[in-house]
Amino acid sequence: MDKFRIEGGRRLEGTLRISGAKNAALPAMAAALLTSKPVCLRNIPRVRDIITMGKLLAHMDARVELGAMPPTDITIQAEKISDAEAPYELVRTMRASILTLGPLMGRLGYARVSLPGGCAIGARPIDLHLKALERMGAQIITTHGYVEARVPADKRLRGGHIVFEKITVTGTENVLMAATLAEGETLIENAAREPEVADLADLLIKMGAQIEGAGTSTLRIRGVSSLHGATHAVIPDRIEAGTFLVAAPITGGELVLEGCAPQHLTAVLWKLAEVGVEIRQEAADRLRVRSGGKLAAADVTTEEYPGFATDMQAQYMVLATQATGASVITETIFENRFMHASEMDRMGANISVEGRQAVVRGPTPLSGSEVIASDLRASASLVLAGLVANGSTLIDRVYHIDRGYERIEEKLSAVGALIERVRQGRS
Ligand code: EPZ
């Protein structure tokens, strides 16, 4: 398993290019299952989850062609689907494999997808995905660790009125994809409003789907009999951008982020401004960020979009360790997303966690230590902590970060960080 070694205390300065959003690219790739024609996707980040989704689609007999990198184009053609199954070996490495359920049901009326199980940040059930598909006429059984869903012979999924009890991002995406090929109209209420959901709707519309309300909490989909191919560039990664927006002020540095989407970052930009970070929008896709001097503690609560993203909570915690005063961080989306706090404490932070709240008292100097990454965003936060710490930090299990950040060590090195990948025998 590879590790990262970081020599902290270096000021970051320069320009970074933001990659395409992993969480927009994954549903876009799954959407290619809805048509027999080629779907060409642009701005795809070269990260491990994309490779896993490519393997999953290839397992179903889709042709998956990756272009030159970076940014990477990918063309997927699912002319026929010989095996509508997402096997456990792939699903256990990437929960987003569940995104194949909706399109397979829409196109074939049959799917067998391994149950993802819990993960480091919470139980993460998929009951809401399944209930919604049942309302659209699917018969679902779970057996041997798999979800088997089918519509009765000679029938298609039918449109339905879905009201999500809780906002779910991939749940909304699954139902949206299934509904594009269902018979009649589907109304989804309490839909997720994340930009990645709206981006998926944009792609589906290019493929011939009839969707109203993209980006709002009410989606109306009129099912069509078939979809065609399309070319689509996925949106920039707002979480990668947010991570670098924290990297600049904690190192006393100044960064320019190119190719980002500031309109998707409003809650993060406001919160960082409250802490005392100076951010200037220089163009539609360009932000300049630096510390505005002293950083002041500010409370934050994670929420569904357009609120402050849970995927930015761990990175914000590092900023809070460098701010003066007590910051109360409340995590409302996942029940176990503070695993990084104890690793930061080992580096010298003063964080107390109780249930869904963490209180960070700062500023505290951090000292380089050996730490273990527990999930994707926790790993990103430990990289940030390593950048600010005195001395050397060794981060174990960086495969988590490779799942979602494109060449993070190269990007950070290019702006002055001392970070290297320590390659170890593959496990
Ligand atoms: C998506 O996960 C993202 N993944 C996550 O990013 C992100 O943290 C999350 O949305 C929240 O923004 C992808 O887009 C591939 P949810 P998802 O369903 O869709 C509960 C990252 O680091 N719930 O919106 O799985 C669930 O347990 C990852 O890039 C149910 O109870 O999240 C959670 O508490 C991590 N039943 C809440 O809803 C269900 O059927 C929101 O989860 C579905 C969800």
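None of these values were measured; they are calculated from a predicted model.

**Student:** Tell me about the site of the ligand, residues and numbers included.
**Tutor:** Around the ligand, 21 residues are found, and the nearest of them are Leu128, Thr168, Thr170, Asp311 and Ile333. Interatomic distance of 3.1 Å between a side-chain N/O atom of lysine 22 and an oxygen atom of the ligand. Measuring from an oxygen atom of the ligand, one finds a backbone N or O atom of proline 125 at 3.3 Å. Coverage of the ligand by the protein chains reaches 89% of its 830 Å² of free accessible surface. Every element with two or more residues in the shell around the ligand is listed here: α1 (22–31), α5 (127–135), α6 (169–180) and α12 (376–388).

**Student:** Summarise α6; cite the residues concerned and give the values.
**Tutor:** The end-to-end C-alpha separation of α6 is 17 Å, in line with the 16 Å expected for twelve residues at 1.5 Å each. Counting buried residues along α6, ten of its twelve residues qualify, which places the element largely inside the surrounding structure. Those residues of α6 lying buried are Gly171, Thr172, Glu173, Asn174, Val175, Leu176, Met177, Ala178, Ala179 and Thr180. Here α6 starts with a cap whose side-chain oxygen sits 3.0 Å from the backbone nitrogen of glycine 171, and that cap is threonine 168.

**Student:** I'd like to hear about the pairing of strand β17 (residues 286–291), residue by residue, with values.
**Tutor:** Burial along β17 is one-sided: Leu287, Val289 and Ser291 are buried, and none of Arg286, Arg288 and Arg290, which face the opposite way, are. Here five bridges tie strand β15 (residues 254–258) to β17, and the two strands are oriented antiparallel to one another. Across the sheet, valine 256 pairs through a bridge with arginine 288, a residue of β17. Of the strand pairs in this sheet, strand β16 (residues 277–283) and β17 are connected by six bridges, and their pairing is antiparallel. The partner of glutamine 281 across the bridge, within β17, is leucine 287. Between β16 and β17, which follow one another and run antiparallel, lie two residues.

**Student:** Please give an account of helix α2 (residues 48–59) that cites residues and values.
**Tutor:** Compared with an ideal rise of 1.5 Å per residue, which puts twelve residues at 16 Å, α2 spans 16 Å between its outermost C-alpha atoms and is within 8% of the ideal. Every buried residue belonging to α2 is among Asp49, Ile50, Thr52, Met53, Gly54, Leu56 and Leu57, and all of these are buried. Contacts made by the buried residues of α2 are with α1, β3 (39–44), β4 (63–66), β5 (72–77), β6 (85–86) and α3 (88–91). One or two positions beyond α2, positive phi appears at aspartate 61, with a value near 90°.

**Student:** Residue-level account of the packing of aromatic side chains, with values.
**Tutor:** This model, assessed by the stated rule, comprises one aromatic pair. Their ring planes at 75° and their centres at 5.6 Å tell us that phenylalanine 308 and tyrosine 316 sit as a pair that is edge-to-face. Here phenylalanine 308 matches tyrosine 316 in class, with each residue buried.

**Student:** Explain the sheet that holds β17 to me, and be specific about the residues and the numbers.
**Tutor:** Across the sheet, four strands lie side by side as β2-β15-β17-β16; this open sheet has mixed pairing. The strands lining the two open edges of the sheet, one partner per strand, are β2 (13–17) and β16. Pairs of neighbouring strands in the sheet enclose a mean axial angle of 20°, with direction left out of account. Bridging between β2 and β15 involves five bridges; their strand directions are parallel. Each bridged residue has a counterpart across the sheet, and for glutamate 13 the counterpart in β15 is glutamate 254. Of the strands in this sheet, β2, β15, β16 and β17 are in contact with helix α8 (residues 238–250), which crosses β15 at around 165°. Packing against the sheet, helix α9 (residues 266–275) makes contact with β16 and β17, and its axis sits at approximately 140° to β16.

**Student:** Let's hear about the pairing of strand β19 (residues 325–330): which residues, and what values?
**Tutor:** In the sheet, strand β18 (residues 300–301) pairs with β19 via two bridges, with the strands oriented parallel. Within β19, the position partnered with valine 300 by the bridge is isoleucine 329. Following the chain from β18 across helix α10 (residues 313–321) to the adjacent parallel β19, one finds a crossover that is right-handed. As paired strands, β19 and strand β21 (residues 357–362) are joined by six bridges and run antiparallel to one another.

**Student:** Go over the side chain of aspartate 402 with me, naming the residues and quoting the values.
**Tutor:** Structurally, the position occupied by aspartate 402 is in helix α13 (residues 399–402). Given the relative accessible area of 16%, aspartate 402 is considered buried. Within the structure, the side chain of aspartate 402 is placed 2.7 Å from the side chain of arginine 421, a separation counted as a polar contact. Setting aside chain neighbours within four positions, we find aspartate 402 in contact with Val47, Arg48 and Arg421.

**Student:** I'd like a rundown of the sheet that holds strand β8 (residues 139–143), residues and numbers included.
**Tutor:** In spatial order, the strands read β6-β7-β9-β8; together these four strands make up an open sheet with mixed pairing. Among the strands making up the open sheet, the edge pair consists of β6 and β8. The strands touched by helix α4 (residues 101–108) are β7 (110–114) and β9 (146–150); relative to β7, the strand with the most contacts, the crossing angle is about 160°.

**Student:** Before we move on, can you summarise the environment of leucine 26 with the specific residues and values?
**Tutor:** Relative to the elements of secondary structure, leucine 26 occurs in helix α1. Along the backbone, leucine 26 and glycine 54 are 28 residues apart, and their C-alpha atoms lie at a distance of 9.3 Å. Residues in contact with leucine 26, not counting those within four places in the same chain, are Asp49, Ile50, Met53, Met94, Ala96 and Leu99.

**Student:** Now, about the pattern of salt bridges: what can you tell me, with residues and values included?
**Tutor:** Counted under the stated rule, the structure contains 32 salt bridges. Ionic pairing is found between glutamate 282 and arginine 288, a salt bridge with its closest N-O pair at 2.6 Å. With relative accessibility at 24%, the residue arginine 288 sits in the partly exposed group. Residues participating in the shared-partner salt-bridge network are Arg17, Glu254, Glu258, Glu278, Arg280, Glu282, Arg286, Arg288 and Arg290.

**Student:** Residue-level account of the packing of α10 against α12, with values.
**Tutor:** Here α10 crosses α12 at 20°, and the two axes come no closer than 7 Å. One finds that α10 runs roughly parallel with respect to α12. Considering the relative orientation of α10 and α12, their crossing is right-handed. Together, Ala314, Gln315 and Val318 of α10 and Arg377, Ala378, Ala380, Ser381, Leu384 and Ala385 of α12 make up the contact between the two elements. Looking at the contact of α10 with α12, its residues break down into six nonpolar, two polar and one charged.

Rules used in this analysis
- Residues numbered from 1 in each chain as written.
- Predicted model: local features only at pLDDT ≥ 70, side-chain atom pairs only at ≥ 80, totals over all residues.
- Heavy atoms only, no water.
- Near = heavy atom within 4 Å.
- Polar contact = N/O pair within 3.5 Å; in protein donor to acceptor, adjacent residues only side chain to side chain.
- Areas by Shrake-Rupley, 256 points an atom, 1.4 Å probe, with all protein chains shown as cover.
- Helix = DSSP H or I, 4+ residues; strand = E, 2+ residues; numbered from the N terminus.
- Expected span 1.5 Å × (residues − 1).
- Buried < 20%, exposed > 50% of the residue type's maximum accessible area, 1.4 Å probe, protein only.
- Pairing = 2+ DSSP bridges.
- Contact = heavy atoms within 4.5 Å.
- Phe/Tyr/Trp six-rings, centres within 6.5 Å; stacked < 30°, edge-to-face > 60°.
- Axes fitted to C-alpha atoms, helices over the stretch in contact; angles between N-to-C directions.
- Right-handed = clockwise from strand over helix to strand, strands pointing away.
- Salt bridge = Lys/Arg side-chain N within 4 Å of Asp/Glu carboxyl O.
- Parallel < 35°, antiparallel > 145°, perpendicular 65-115°, else oblique.
- Left-handed = near helix turned anticlockwise from the far one by under 90°.
- Nonpolar A, V, L, I, M, F, W, Y, C, P; charged D, E, K, R; others polar.

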